[in-house]
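Report on the structure
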Amino acid sequence: MSNFANTLKKFRNANWFLGHLYAYKTLYTRGRRLKAGKPVVFNAELFFDTRCNFHCHHCSISKFQQQEGKKFMSLAEIERVAEELRRVNCFLCCLVGGEPTLRPDLPEIVNAFHSRQILPTLITNGYLLDAKRLAELKKAGVFSIGVSFNGGSESEHDAFVGRQGAYPRALAALGLLKDMGVRRSICVVPTHQNLANGEYEALIRFAQRENIRVNVNYPALAGEFTDDYGQLLSEPELARVRTYFSLPNVGSDFTVLADKYECPAGRKKIYILPDGQVTPCTFIHISFGNLLEEPIEEVMGRIWSTGEFMRRPDICLVGESAEWNKEFLTPVFASQKVPLHFKDHPKLGA
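Residues numbered from 1 in each chain as written. Predicted model: local features only at pLDDT ≥ 70, side-chain atom pairs only at ≥ 80, totals over all residues. Heavy atoms only, no water.

Observations regarding helix 8 (residues 166-179)
- Between its first and last C-alpha atoms helix 8 spans 20 Å; for 14 residues at 1.5 Å apiece the expected length is 20 Å, and the two agree.
- For helix 8, the full list of buried residues reads Ala-166, Tyr-167, Ala-170, Ala-173, Leu-174, Leu-176 and Leu-177.
- Turning to helix 8, the residues buried within the fold contact helix 6 (131-140), strand 4 (144-148), helix 7 (154-161), strand 5 (183-188) and helix 10 (199-210).
- Just downstream of helix 8, Gly-181 is the residue with a positive phi angle, here 70 degrees. (Helix = DSSP H or I, 4+ residues; strand = E, 2+ residues; numbered from the N terminus. Expected span 1.5 Å × (residues − 1). Buried < 20%, exposed > 50% of the residue type's maximum accessible area, 1.4 Å probe, protein only. Contact = heavy atoms within 4.5 Å.)

Written as structure tokens, this is what we have:
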């Protein structure tokens, strides 16, 4: 690459970064709102479309794909959600599926948040991500993109997601993100199998070599794993996974620092479903209201008033506590349809 091309690339990347400096202003305003006792949301995850081109074993949305109900949000509905999040100074919104890149209007969806000064991030399997689509997403304002990996080898990954050729496409997506100067990460799930066969560690070491951030999610009792307590990691397995959080490039939604855990469910983070319902976490399918029908302040007020999600637990509730799952998610497991409304929950609806 010529010196001119290198300079031009650096300029474009710097200009792209400067375009997201509003995030610091959001953090400042958020701090002031907290001091004034006004509601804020730090991180939202928007599950806006159930459609997917993979069939991952651990997928938390398979129940939503199988049951009757609203399968996707329109762009207008997504813009309404973005407007609600803007009012409470939401710092970041992660766009998830299904598979987000199946949506032809994904750049417009990204820009719905960027234009409202909410950092838009994206999680994809990478299968459909090409240079043209990535250029559109970068122009629309995407801040970072995470690519899901479920094994350190092609055979392991492809078997897990049920799609031959998925692994090289995911690797190509990571290379494309690097070439185009978009922040990148890989999203991984430690399981009994990949911890035992070394595939999980292989993913961590790969990310270290390539200077890629790793976002870890523990297996949880949702989707195809509903009520299957055998999927939860054992104490020795959890201890082993925790050692990796000491690495500078490895973290999770529930790791504030390497030696400090803090479950963000409900208190700092929410999960928004295709029909607008709000749950405290990707894996806690209990609805506290609907952003397409009522103000976000009312929805968040219900979550916070329960007290259960305000106590700063130092574990991942769904991934590390069988007791918490039994106490709070057993009614969800028994429900014919998810999410279960909080008023129908014996502990939360009283």
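Digging into the pattern of salt bridges
- As enumerated under the stated definition, the model contains 20 salt bridges in all.
- Lys-269 serves as the salt-bridge partner of Asp-253, at 2.4 Å between the closest nitrogen and oxygen. In this pair, Asp-253 is assigned in the loop between strand 7 (250-251) and strand 8 (255-257) and Lys-269 in strand 10 (residues 269-272), connecting sequence segments 16 residues apart.
- Look at Asp-253 and you get partly exposed, because its relative accessible area is 31%.
- Looking at Lys-269, the relative accessible area reads 9%, which means it is buried.
- In this structure, Glu-327 and Lys-347 form a salt bridge, with 3.1 Å as the shortest nitrogen-oxygen distance. Taken together, the residues span a long stretch of sequence, with Glu-327 in helix 14 (residues 322-334) and Lys-347 in the segment after strand 13 (340-341) at a distance of 20 residues. (Salt bridge = Lys/Arg side-chain N within 4 Å of Asp/Glu carboxyl O.)

Description of the sheet that holds strand 10
- One open sheet holds the nine strands; their spatial order is 7-6-5-4-3-2-1-10-11, and the pairing between them is mixed. Looking at which strands have only one partner, the edges of the open sheet turn out to be strand 7 and strand 11 (278-279). (Pairing = 2+ DSSP bridges.)

Some points on the packing of helix 4 (residues 75-87) against helix 5 (residues 106-114)
- Running from amino to carboxyl end, helix 4 crosses helix 5 at an angle of 20 degrees, the nearest separation of the two axes being 9 Å. Taken together, the axes of helix 4 and helix 5 are roughly parallel relative to one another. In this structure, the crossing between helix 4 and helix 5 has a hand that is right-handed. Listed contacts from helix 5 to Leu-75, Ile-78, Glu-79, Ala-82 and Leu-85 of helix 4 are Glu-108, Ile-109, Ala-112 and Phe-113.
- Among the residues making up the contact of helix 4 with helix 5, the classes are represented as seven nonpolar, no polar and two charged. (Axes fitted to C-alpha atoms, helices over the stretch in contact; angles between N-to-C directions. Parallel < 35°, antiparallel > 145°, perpendicular 65-115°, else oblique. Left-handed = near helix turned anticlockwise from the far one by under 90°. Nonpolar A, V, L, I, M, F, W, Y, C, P; charged D, E, K, R; others polar.)

Description of the nonpolar core
- With 102 residues, the main nonpolar core has Leu-46, Leu-85, Phe-113, Tyr-218, Ile-270 and Ile-272 as its most contacted residues.
- Top element by residues in this core is helix 8. It accounts for six residues.
- The residues touching Ile-272, leaving out its near neighbours within four places in the chain, are Ala-44, Glu-45, Leu-46, Phe-47, Met-73, Val-81, Leu-85, Gln-277, Val-278 and Leu-291.
- Within the second largest apolar cluster, five residues are counted, among which are Phe-54, Cys-56, Tyr-127 and Ala-166. (Core = buried A, V, L, I, M, F, W, Y, C linked by side-chain atoms within 4.5 Å.)

Here's the deal with empty space enclosed by the protein
- Inspection of every chain in the model, using the stated rule, returns one cavity of 30 Å³ or more.
- Here the largest cavity defines a volume of roughly 80 Å³.
- Every residue along the wall of the largest cavity is listed here: Lys-63, Leu-221, Ala-222, Gly-223, Thr-226, Phe-283, His-285, Leu-329, Val-332, Phe-333, Ser-335 and Val-338.
- The element that contributes the greatest number of residues to the lining of the largest cavity is helix 14, accounting for three residues.
- Each residue belonging to the lining of the largest cavity can be placed in one class, and the counts come to seven nonpolar, four polar and one charged. (1 Å grid on protein atoms, 1.4 Å probe; cavity = no way out; pocket = protein on both sides within 12 Å on 5 of 7 lines; lining within 4 Å. Points joined across faces, edges and corners; volume = space filled by probe spheres on them.)

Side note on helix 11 (residues 235-244)
- When helix 11 is considered as a whole, its buried residues turn out to be Glu-237, Leu-238, Val-241 and Tyr-244. Down the axis of helix 11, the buried side of the element spans an arc of 105 degrees, and every buried residue falls inside it. Helix 11 presents Glu-235 and Pro-236 as exposed residues on the side facing more than 90 degrees away from its buried surface.
- Its buried side turned inward, helix 11 meets helix 9 (192-196), helix 10, strand 6 (213-216), strand 7 and helix 13 (317-320). (Arc of directions from axis to C-beta.)

Concerning the packing of aromatic side chains
- By the definition in use, this model includes 16 aromatic pairs.
- For the pair Phe-47 and Phe-64, a centre-to-centre distance of 5.8 Å together with 70 degrees between the ring planes defines the contact as edge-to-face. Of the two residues, Phe-47 is situated in strand 1 (residues 43-47) and Phe-64 in helix 3 (residues 62-66); the sequence distance between them amounts to 17 residues. Both residues of the pair, Phe-47 and Phe-64, count as buried. (Phe/Tyr/Trp six-rings, centres within 6.5 Å; stacked < 30°, edge-to-face > 60°.)

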